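# Structural overview
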Amino acid sequence: MRKIPVPMLLLSAAFSVNPAWALDSSGTPVVVTPLASPTTTASGQPITLPRKNVQVLVSTYDIAPGANLPVHRHPFPRYAYVQAGTLKVTNVETGNSNTYKTGDFIIEMIGQWHQATNIGDIEVKLLVIDQVEEGAKNTELRR
């Protein structure tokens, strides 16, 4: 059996416990803060990806205090990171609501009608990432 010196074991353990250290070889600190690792949407659905020609769309949303987004749904996955503010999202099919605040990560429901309201006194700022079939839109408004 091969013996491994104790300092090498400690160094290996440090890298496996804090993978951020392994990202920079110059000795400059790098901090990785996990924000989320869910496997389901906000309404409990499994996350499914488009089947062909996936396109990633990245955008920002600025939602004024008191603003109500219209009832809509998304046929493909949509992820949002709340950079500022407080947003209430209501599934109009079930009546269930979730409230998201600065620092929260949202995996929006797929194919379910919902609406969102800025319930805070500052602008909601979202970083939104969509995964769609190339050329498709990811928001359908209810008529």
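Our subject in this report is the structure included herewith. (Residues numbered from 1 in each chain as written. Predicted model: local features only at pLDDT ≥ 70, side-chain atom pairs only at ≥ 80, totals over all residues. Heavy atoms only, no water.)

Let's shift gears to the overall build of the protein chain. Looking only at helices and strands, the protein chain features 1 helix and 9 strands. Reading the helices (α) and strands (β) of the protein chain from amino to carboxyl end gives α-β-β-β-β-β-β-β-β-β. Taking all 143 residues of the protein chain together, the buried fraction comes to 27%. (Helix = DSSP H or I, 4+ residues; strand = E, 2+ residues; numbered from the N terminus. Buried < 20%, exposed > 50% of the residue type's maximum accessible area, 1.4 Å probe, protein only.)

With that out of the way, let us pick up empty space enclosed by the protein. Overall, the coordinates contain 1 cavity of 30 Å³ or more when judged by the stated rule. Estimated volume of the largest cavity: approximately 40 Å³. Along the walls of the largest cavity sit Ala42, Val89, Tyr100, Ile106, Glu108, Met109 and His114, which together make up its complete lining. Tallied by class, the residues present in the lining of the largest cavity amount to 5 nonpolar, 1 polar and 1 charged. (1 Å grid on protein atoms, 1.4 Å probe; cavity = no way out; pocket = protein on both sides within 12 Å on 5 of 7 lines; lining within 4 Å. Points joined across faces, edges and corners; volume = space filled by probe spheres on them. Nonpolar A, V, L, I, M, F, W, Y, C, P; charged D, E, K, R; others polar.)

Left-over empty space is what a probe sized like a water molecule reveals as it rolls over the atoms. The calculated volume of the largest pocket comes to roughly 210 Å³. Every element with two or more residues in the lining of the largest pocket is listed here: strand E4 (86–91), strand E7 (114–118) and strand E8 (124–133). Looking at the lining of the largest pocket residue by residue, the class counts come to 10 nonpolar, 4 polar and 2 charged.

Turning our attention to the packing of aromatic side chains. Each aromatic ring pair is described using two quantities: the centre-to-centre distance and the angle formed by the ring planes. Scanning all chains against the criterion turns up 1 aromatic pair. Summarising the aromatic geometry, the rings of Tyr79 and Phe105 are spaced 6.3 Å apart at their centres and angled 10° between planes, so their arrangement reads as stacked. Of this pair, Tyr79 sits in strand E3 (residues 78–84) while Phe105 is found in strand E6 (residues 105–107), placing the two residues 26 residues apart along the sequence. The side chain of Arg142 reaches across the aromatic face of Trp113, ending 5.8 Å from its centre. (Phe/Tyr/Trp six-rings, centres within 6.5 Å; stacked < 30°, edge-to-face > 60°. Lys NZ or Arg CZ within 6 Å of the ring centre and 35° of its normal.)

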